[in-house]
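The primary structure of each chain is shown beneath.
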Amino acid sequence: MIVKEVIGILEELAPLAYAEDFDNVGLLVGDQQNEVSGILVTLDTLENVVDEAIATNCNLIVSFHPIIFGGLKKITGANYVQRIVIKAIQHNISIYSMHTALDNSNQGVNAKICEVLGVANTKILIPQKGTIKKLSTYVPKNDANQLKSHLYEAGAGNIGNYSNCSFTVEGTGSYKANEKANPVKGEIGTTHFEEETKISITFEKAAEKNVIKALLENHPYEEVAYEVITLENTNQNIGMGMYGILANPMTEHEFMEFLKEKMDVKCVRHSNLLGKPIKTVAVLGGSGSFAIGAAKAVNADVFITADLKYHQFYEAEGKILLTDIGHYETEQFTKNLLVDYLTKKIPNFAVRLSESKTNPIKYF
């Protein structure tokens, strides 16, 4: 396989179109045409991870966090980021980062936390806006069904648990071709009237390139009239965080012990205990203080995240138990998720789980 093919498989799980605007995701180092000898999956790409990739003959590192986040103006080895990039280039190792694309996936970071904790009936905590688009186009009546089939194959027309969804209305279109045109129907210099079907069909943002390609390649007209708009409709399958319910309610003390055991954490920073059972659980891997309001809005009994500041614990306001278990700790199972996914997709290929320790925080 080449790097580009592996990227295609990873984007099925977490399309880069759903990464946050501030993020730096995708292929950060390397050539997407390079042949892959092996894949090393890690949470962070550090120097010891690159050394591990060299030792295990893995020339593609799939990392959750991007090693290059801000701009690099120099690559002189002056800091750890530059040294990692230099070493990767010297040994022809590609580095691919998923970060918030995987955060926003309904099979990503937060789904894995829910799986580990046994949280069921999960929903997205903060659905991402602007992820649903609508295509409208006009096609000769007799060609409508064939064009719709091609659009469906390209990823259009999926709504929740339904596929092949579209709306059509019939009418009369008109156009006049000039001397430079090559009309499929009608004559140059004469206004032509055609019985047409207007097709309206929705699709997810990540499928836009394929949908437009299918439209232009399969539409019979020389000039294709179409429009694409972004809808305000909420997409419940894409976004930050998740929430769901436990099979059996626990007391707060029982839940804290359960949380420490399942997430393998040494301590839990938390807001005031409220003396009520824990049933509805909200989670957001990584820095999740921005989602405290969302967790309260869905009436979660507890919110599990990381990097909460002193004053943010006040935002519990006696309505929710806020827990901070650490940044690395909330995301630690992400690399296991990726190894399992890649192994299922390409079972005869070398996919390794990195053994390198990358958590920069230690506990005394």
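Attention in this report is confined to the structure presented alongside it. For clarity, every value in this text was computed on a predicted model and none was experimentally measured.

As for the overall build of the chain
No. 1: Counting its secondary structure elements, the chain contains 11 helices and 15 strands.
No. 2: Taken along its principal axes, the extent of the C-alpha atoms in the chain is 85 × 55 × 40 Å.
No. 3: A separation threshold of at least 6 residues defines the contact pool for the chain, and within that pool the share at least 24 residues apart is 72%.
No. 4: As displayed, the chain has an accessible area near 18,900 Å², and 48% of this comes from carbon and sulfur atoms.

Looking at the sheet that holds strand β8 (residues 191–204)
No. 1: Reading across the sheet, the 4 strands line up as β7-β8-β6-β9 and stay open at both edges, with antiparallel pairing between neighbours. Across the chains shown, the open sheet's two edge strands, defined by having one partner strand only, are β7 (167–176) and β9 (226–230). For this sheet the average axis-to-axis angle between neighbouring strands, irrespective of direction, equals 25°.
No. 2: Two elements, β7 and β8, share 10 bridges in a ladder whose sense is antiparallel. Its bridge partner lying in β8, G173 is registered against E194.
No. 3: Relative to the sheet, helix α6 (residues 144–153) contacts β6 (132–140), β7 and β8, its axis offset from that of β8 by approximately 25°.

Observations concerning the nonpolar core
Here is a general trend for soluble globular proteins: nonpolar side chains tend to be buried in one another's company.
No. 1: In this structure, I39, M98, F255, V281, I304 and L342 are the most contacted members of the largest nonpolar core, which totals 51 residues.
No. 2: Sort the elements by how many residues they give to this core and helix α1 (residues 3–13) lands first, with 6 residues.
No. 3: If we skip the residues at most four places from it in the chain, L342 touches I9, L10, I39, V41, P347 and V351.

Some remarks on the packing of helix α5 (residues 109–117) against helix α8 (residues 252–263)
No. 1: Contact geometry of α5 with α8 gives a least axis separation of 10 Å together with a crossing angle of 115°. In terms of crossing hand, the pair formed by α5 and α8 is right-handed. Mapping the contact onto sequence places I113, V116 and L117 in α5 and F258, L259, K262 and M263 in α8.
No. 2: Here the contact of α5 with α8 is built from residues that sort into 6 nonpolar, no polar and 1 charged.

Cut-offs applied
Along each chain, residue indices are assigned from 1 in the same order as the chain's sequence is written. In keeping with the predicted nature of the model, local features appear solely for residues at pLDDT of at least 70, side-chain atom pairs appear and are counted solely at 80 or more, and the whole-chain, interface and lining totals rest on all residues. Only hydrogens and water are set aside when side-chain values are computed; all heavy atoms of the structure are taken into account. The helix and strand labels rest on DSSP assignments: H or I over at least four residues marks a helix, E over at least two residues marks a strand, and numbering proceeds from the N terminus. Contacts between residues were defined by any pair of non-hydrogen atoms, one from each residue, lying within 4.5 Å. Here, Shrake-Rupley sampling with a 1.4 Å probe gives the accessible areas, and only protein chains in the shown set may cover a residue. Paired strands, as defined in this entry, are two strands with at least two bridges between them according to DSSP. Axes here refer to lines fitted to C-alpha atoms; in helices the fit is confined to the stretch in contact. Angles between the N-to-C directions go from 0 to 180 degrees. Nine residue types can take part in a nonpolar core, namely buried Ala, Val, Leu, Ile, Met, Phe, Trp, Tyr and Cys, and a core is a set of them joined through side-chain atoms within 4.5 Å. The classification of residues rests on relative accessible area computed with a 1.4 Å probe and restricted to protein chains. Under 20% of the type maximum is buried, over 50% is exposed, and intermediate values are partly exposed. A clockwise turn of the near helix away from the far one marks a right-handed crossing, whereas an anticlockwise turn of less than a right angle marks a left-handed crossing. Each residue is assigned to one class: nonpolar for Ala, Val, Leu, Ile, Met, Phe, Trp, Tyr, Cys and Pro, charged for Asp, Glu, Lys and Arg, and polar for all the others, Gly among them.

Taken by themselves, the reported measurements are silent on function.
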